[in-house]
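# Structural overview for review
Residues per chain are reported as follows:
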Amino acid sequence: HTSSYVKRGSGELLALEEALLEQASRRASAQAQLMLGFGTADSEDFAWNWMHSLRRLHLDNWLIVALDLGLFSSLQRRAGVACVLAPGHADSGRTRASLFEWGSSAMAFRMAALRLEVLKAVLQGGFEVLACDVDSMLLHSPWPFLSALIASDHPSAHSSLGGERRDGVFDLLVQSQRQDAG
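## Brief notes about the overall build of the protein chain
- If you tally the helices and strands in the protein chain, you get five helices and seven strands.
- Starting at the N terminus and walking to the C terminus, you meet the elements of the protein chain as α-β-α-β-α-β-α-β-α-β-β-β.
- In the protein chain, which comprises 182 residues, the proportion classed as buried is 44%.
- For the protein chain, contacts bridging at least 24 residues in sequence account for 63% of all contacts bridging at least 6.

## Here's the deal with the side chain of T40
- Mapped onto the elements of the fold, T40 is located in the loop between strand 1 (33-39) and helix 2 (44-56).
- Judged by relative accessible area, T40 falls into the buried class, the value being 0%.
- Here D42 takes part through its side chain, which lies 2.4 Å from a polar atom of the side chain of T40.

## Considerations on helix 3 (residues 69-76)
- Burial in helix 3 covers these residues: G70, L71, S74 and L75. The buried residues of helix 3 all sit within an arc of 115° when viewed along its axis, so they share a single face.

## Things to note about the environment of A113
- Its place among the elements puts A113 in helix 4 (residues 106-124).
- For the pair A113 and G88, spaced 25 residues apart in the sequence, the C-alpha separation amounts to 9.7 Å.

## So, helix 4
- The terminal C-alpha atoms of helix 4 lie 27 Å apart, and with 19 residues this matches the ideal 27 Å at 1.5 Å per residue to within 8%.
- Among all positions in helix 4, only M107, A108, M111, L114, R115, V118, L119, A121, V122 and L123 are buried.
- Just downstream of helix 4, G126 is the residue with a positive phi angle, here 95°.

## Quick look at the confidence of the model for the protein chain
- Confidence along the protein chain averages 75 in pLDDT terms, with 68% of residues attaining 70 or more.
- Within the model, pLDDT remains below 50 along residues 1-8, and this stretch shows 24 contacts once partners closer than five positions in the same chain are excluded.
- Taken as a whole, residues 174-182 scores under 50 in pLDDT and shows 24 contacts with residues more than four places along the chain or in a different chain.

## A closer look at the packing of aromatic side chains
- Under the defined criterion, the tally for this structure stands at one aromatic pair.
- Judged by centre distance (6.2 Å) and plane angle (80°), the rings of W50 and W62 are edge-to-face. Here W62 lies in strand 2 (residues 62-68) and W50 lies in helix 2, a separation of 12 residues in the sequence.
- You can call W50 buried: its relative accessible area is 1%.
- Seen from the ring of W62, R27 lies directly overhead, with NZ or CZ sitting 4.4 Å from the centre.
- Sitting above the plane of the W48 ring, R78 keeps its charged end 4.2 Å from the centroid.

## Side note on the nonpolar core
- Of all hydrophobic cores here, the largest spans 42 residues; its most connected members are M35, L36, W50, W62, I64, V118 and V122.
- Top element by residues in this core is helix 4. It accounts for eight residues.
- Not counting chain neighbours up to four residues away, the residues in contact with W62 comprise R27, L34, M35, W50, M51, L54, R55, G80, V81 and A82.

## Digging into the environment of L114
- Within the secondary structure, L114 is located in helix 4.
- Classification of L114 as buried rests on a relative accessible area of 5%.
- For the pair L114 and L67, spaced 47 residues apart in sequence, the C-alpha separation works out to 7.8 Å.

Rules used throughout
- Residues numbered from 1 in each chain as written.
- Predicted model: local features only at pLDDT ≥ 70, side-chain atom pairs only at ≥ 80, totals over all residues.
- Heavy atoms only, no water.
- Helix = DSSP H or I, 4+ residues; strand = E, 2+ residues; numbered from the N terminus.
- Buried < 20%, exposed > 50% of the residue type's maximum accessible area, 1.4 Å probe, protein only.
- Contact = heavy atoms within 4.5 Å.
- Polar contact = N/O pair within 3.5 Å; in protein donor to acceptor, adjacent residues only side chain to side chain.
- Arc of directions from axis to C-beta.
- Expected span 1.5 Å × (residues − 1).
- pLDDT = per-residue confidence, 0-100.
- Phe/Tyr/Trp six-rings, centres within 6.5 Å; stacked < 30°, edge-to-face > 60°.
- Lys NZ or Arg CZ within 6 Å of the ring centre and 35° of its normal.
- Core = buried A, V, L, I, M, F, W, Y, C linked by side-chain atoms within 4.5 Å.

Spelled out as structure tokens, the structure:
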């Protein structure tokens, strides 16, 4: 694969980071809670289903993060989709980024780093984030459980790792910039 990524410090990258935070501000709940769904062009149908499943749960605080131009371009043509192109995205014109075929390839590591950069930017923007792939499915709103987990001080519920908390049963990592979270 030949790959081309938007380089750090470029004007395009800064514009994409601004767009990410602007969309996050529009989509987050009043409590600054936001669900991010990550996807690539080969997961377009999953992204569409993910969005509709959240709407059926009456959840509006979500944002699809396209990891490549293919998904972003496709979703931009559809009405009612809140989608942003990941800063540092893979240029799908030269490389095929896939949500399903990463394994332990160099592409897998690049995409993992890209997700972490997006999460870092959104967390530093002051949001509480639930991040998942668009092929995940929620049956209920996750926010009551996550809010209770963040607020909980009971040692058997989770172990505290600085500003992070890990739930032992589901191996769920909750990160928050809130001072009372850790």
